[in-house]
Amino acid sequence: MKKEQGFSLIELLIVVAIIGIVAAIAIPNLLQARKTANEASAIGALRTCASAEVTYQGNNNIYGTLAQLNTASLVDSTISGGQTKSGYNFSNALAAPTATAFNIGATAASSSSGDRRFCVVEDGVVRYSTTTPATAFDDTTGRAAT
């Protein structure tokens, strides 16, 4: 009698079940890791913006908008152009920065991009908020509005 080679149906079902269990454990962790990476990227971009603002203010005696910072080649055009960078959108929270104040914010483009919103003001400290709406930061201080 000839012996047939291959896997039985039970063996295949066991392998599929194991793969399903591993996927159920791994996928949520991967999604959370992606959110964390997006948030870290937003924080880094805001730190770059804060440094760019200090440089711009030193050269022009006034803080600049994101568009002005881009024109001066101090920030990436992705940040200043209203495009999404690593799942976050960046904007000037103040309509017009002054000689003494600026406020740049980063808001998640979707709920899968990140859970927190960030901002940086002239002191260079990156602050975050988990509340909604997106205008929960006070425009002048950068602290969460009460």
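Our subject is the structure listed above.
Criteria and cut-off values
Residues numbered from 1 in each chain as written. Predicted model: local features only at pLDDT ≥ 70, side-chain atom pairs only at ≥ 80, totals over all residues. Heavy atoms only, no water. Helix = DSSP H or I, 4+ residues; strand = E, 2+ residues; numbered from the N terminus. Contact = heavy atoms within 4.5 Å. Areas by Shrake-Rupley, 256 points an atom, 1.4 Å probe, with all protein chains shown as cover. Core = buried A, V, L, I, M, F, W, Y, C linked by side-chain atoms within 4.5 Å. Buried < 20%, exposed > 50% of the residue type's maximum accessible area, 1.4 Å probe, protein only. Expected span 1.5 Å × (residues − 1). Pairing = 2+ DSSP bridges. Axes fitted to C-alpha atoms, helices over the stretch in contact; angles between N-to-C directions.

**A closer look at the overall build of the protein chain**
If you tally the helices and strands in the protein chain, you get three helices and five strands. Taken from the N to the C terminus, the helices and strands of the protein chain come in the order α-α-α-β-β-β-β-β. Of all intrachain contacts in the protein chain linking residues separated by at least 6 positions in sequence, the fraction that spans at least 24 positions is 40%. In the structure as shown, the protein chain presents an accessible area of about 9,100 Å², 59% of it carried by carbon and sulfur atoms.

**What about the nonpolar core?**
Among the nonpolar cores identified, the biggest contains 21 residues, and Phe90 and Ile104 are the most heavily contacted of them. Contributing elements (two or more residues each) for this core: α1 (9-60), α2 (66-71), β2 (88-92), β3 (103-108) and β4 (117-121). The leading source of residues in this core is α1, at eight residues. Not counting the four nearest positions on each side in its chain, Phe90 is found in contact with Ala42, Ala45, Leu46, Leu66, Ile79, Lys85, Gly105 and Ala106.

**Some details on α1**
In this model α1 runs 74 Å from its N-terminal to its C-terminal C-alpha over 52 residues, within 8% of the 76 Å that 1.5 Å per residue would give. Among all positions of α1, only Lys35, Asn38, Glu39, Ala42, Ile43, Ala45, Leu46, Cys49, Ala50, Ala52, Glu53 and Tyr56 are buried. Where the residues of α1 are buried, they touch α2, α3 (77-80), β2, β3, β4 and β5 (126-129). Within two residues after α1, Asn61 carries a phi angle of roughly 60 degrees, on the positive side.

**Re the sheet that holds strand β1 (residues 84-85)**
Strand order in this open sheet of five strands is β1-β2-β3-β4-β5, and the pairing throughout is antiparallel. The sheet is open, and its two edges are formed by β1 and β5, each paired on a single side. Most of the contacts of α1 go to β4, to which it runs at about 15 degrees, and overall it touches β2, β3, β4 and β5.

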